[in-house]
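The lines below spell out each chain.
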Amino acid sequence: MFTSQTSSFQESIDVEERDDFDSEEIAGYSQKIQLNCYYTIYLYQGTRSEASGANVAWNQRRTDSTTSQDDFSLTLIDSSLPSEAEPELRTYISRRLSKGALLGGMGNIATVELSIPEQAVGCYCCLLEQERLELDKYVQGLHSSLQTPELQNLETEVRPYLSQWYEESVMHIYRVVQLVQSNISFLLHAALNHTHVEVNNSDERTKADVSRFIKAASLQGLSQQDTTTASLCKAISEDTHSDLIIDCSTSPPTLLNTVSNRFCDSWIQAFLNAAERCNPFLLRQILENFKLKAIQDMNSLKRFVRQAEMSHYALFRCCQFLQGCGNGDVLLQNARAEHSDLPEACSIISVLEEFLKEQSQAQA
C-alpha cells in the first residue's frame, strides 16, 4: 500500500531525527498536496515445498506475474497500480525480501521509484504476521479473506477492503487535528497522562478516530514501562484528573476538563501547519517525534533521579531539567509509578513534585 504526491515524499519521512518544527521550515509544504493512493497484494511463498495445490495452480495461471528467487516466490494477486509500474514494485519488494529487510508482521515505509507521473512514491510494505503498526493492524483484516481458493472473493471483499486503506489507516490523525484544531495539546497531554477521553454527540467514526489518536500518541508499549507500571500511572491519573470530554454538539467542539502543559502546547503549531498543507504522513511523523521526545525526557529524568540518590547537585540538575522541559507533571507521574517499590527514589520524586508545585504557584 502506498501513496504518491507532487512534492517530495522523502521530505515527509526524513524528519525522524527532528523534534522541532517551526512555521518557516514547514512553509515548504505551502502548496496543497494532491495524493494518489494505490495498493498491491502479492502471494509470498517462502519455499517451493510450502506451496499448496491451490497456490501452485494460481502460480501456473499467472506465470507472467510471478518473480522467483532461490528460496521464495512472489506472485501478483491484485493491484491498482498502472501496469508498467507493478513489475518495478515487485522487483523492489523481491530485492527487499532477498536481503531479509522485510520482517514478518513488521511494516515499514520507504521511498520507491516507479514509472508513474508523480515525483515520488511512499510505499508501506508488510509481510502478514503479527500486528504492530496502524497499517499492520489494517492489513491483518485480510487474513480471513485470503483463505479462499484462488481468492474467489477478490472482487467482493479483498479489492474493496484494500481500496480503503488510506482513508481508514492514515487519515484519522488528520481528521482529529482538523476537528480540535489548537486544542490538540489537550489530547496530547491526555495521551501521555493516561487520562480517559470521552467523545459525546458524535458519529462512531469520530469516536473511533479520537480513540485511535490517543492510542497512537500514548507511550504504552514504547517506553520502558511494563504493564504494572502503566496500570499504576493510569490509577494515579484517575485519582487526580477528570475525564477529558469532547462535546461535538457545537462547532467547533467544546472540550471540558482540559489540562495541558508547555511541552504539549509547543507542538500545536507543527500539527496545525501539517494539517493545513494536507500532509497526513507528515502529521504521523510529527506525532512519532512528539512521542520520541517525551521518551527521551523520561529517560533523562530517570537517570537524574538515580544520580540524585547520591548527589545534591544531581538533585539540583533534576529541578533545572523539570523546569526547562515543560512536561514535569507527566514525567514525575510516570517516574513515581515506575519507582513505586524504591523508597529512596520516591522520596526524591516527592521533593521534585514539591519544587514544581512551588514554581507553579510562583508563576501564578
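Residues numbered from 1 in each chain as written. Predicted model: local features only at pLDDT ≥ 70, side-chain atom pairs only at ≥ 80, totals over all residues. Heavy atoms only, no water.

As recorded in an unreviewed UniProt entry, the protein chain goes by the name Protein Njmu-R1, listed as coming from Perca flavescens.

Peer 1: In this structure, what is going on with the overall build of the protein chain? I would like to understand it.
Peer 2: When its secondary structure is counted, the protein chain shows 17 helices and ten strands. Within the protein chain, contacts between residues separated by at least 24 positions form 71% of all contacts whose residues are at least 6 apart in sequence. (Helix = DSSP H or I, 4+ residues; strand = E, 2+ residues; numbered from the N terminus. Contact = heavy atoms within 4.5 Å.)

Peer 1: Looking at this model, I keep getting lost on unusual backbone geometry. Mind explaining?
Peer 2: Excluding glycine, residues mostly carry a negative phi; peptide bonds, for their part, are mostly trans. Looking along the chain, the bond that leaves serine 251 and enters proline 252 is cis, with omega of 0°. With respect to the secondary-structure elements, proline 252 resides in the loop between strand E9 (244-247) and strand E10 (254-256). One non-glycine residue, glutamine 181, adopts positive backbone phi at about 55°. In this structure, glutamine 181 sits in the loop between helix H8 (171-180) and helix H9 (184-192). For glutamine 181, a relative accessible area of 35% gives the class partly exposed. (Buried < 20%, exposed > 50% of the residue type's maximum accessible area, 1.4 Å probe, protein only.)

Peer 1: Can you help me understand the confidence of the model for the protein chain in this one?
Peer 2: As a general rule, the predicted coordinates of low-pLDDT regions are not to be interpreted in detail. Summarising the model, the protein chain shows a mean pLDDT of 78, and 71% of its residues fall at 70 or more. Put simply, helix H1 (residues 10-13) is where the protein chain has its lowest mean pLDDT, 46, and E10 is where it has its highest, 97. Across residues 48-55 the pLDDT falls below 50, and counting only partners more than four positions away or on other chains, this stretch makes eight contacts in the model. (pLDDT = per-residue confidence, 0-100.)

Peer 1: So what exactly am I meant to see when it comes to the packing of aromatic side chains here?
Peer 2: Two descriptors summarise a pair of aromatic rings, namely the distance from one centre to the other and the angle between the planes of the rings. All chains considered together, the criterion is met by six aromatic pairs. Taken together, a centroid distance of 6.2 Å and an interplanar angle of 65° make the contact between phenylalanine 263 and tryptophan 267 edge-to-face. Across this residue pair, the class does not change: phenylalanine 263 and tryptophan 267 are buried. Taking the centre distance of 5.7 Å and the plane angle of 85° together, the rings of tryptophan 267 and phenylalanine 290 count as edge-to-face. Here the residue tryptophan 267 occupies a position in the loop between helix H12 (262-265) and helix H13 (268-276), and phenylalanine 290 occupies one in helix H14 (residues 280-308), the gap between them amounting to 23 residues. Note on tryptophan 267: relative accessible area 4%, which makes it buried. (Phe/Tyr/Trp six-rings, centres within 6.5 Å; stacked < 30°, edge-to-face > 60°.)

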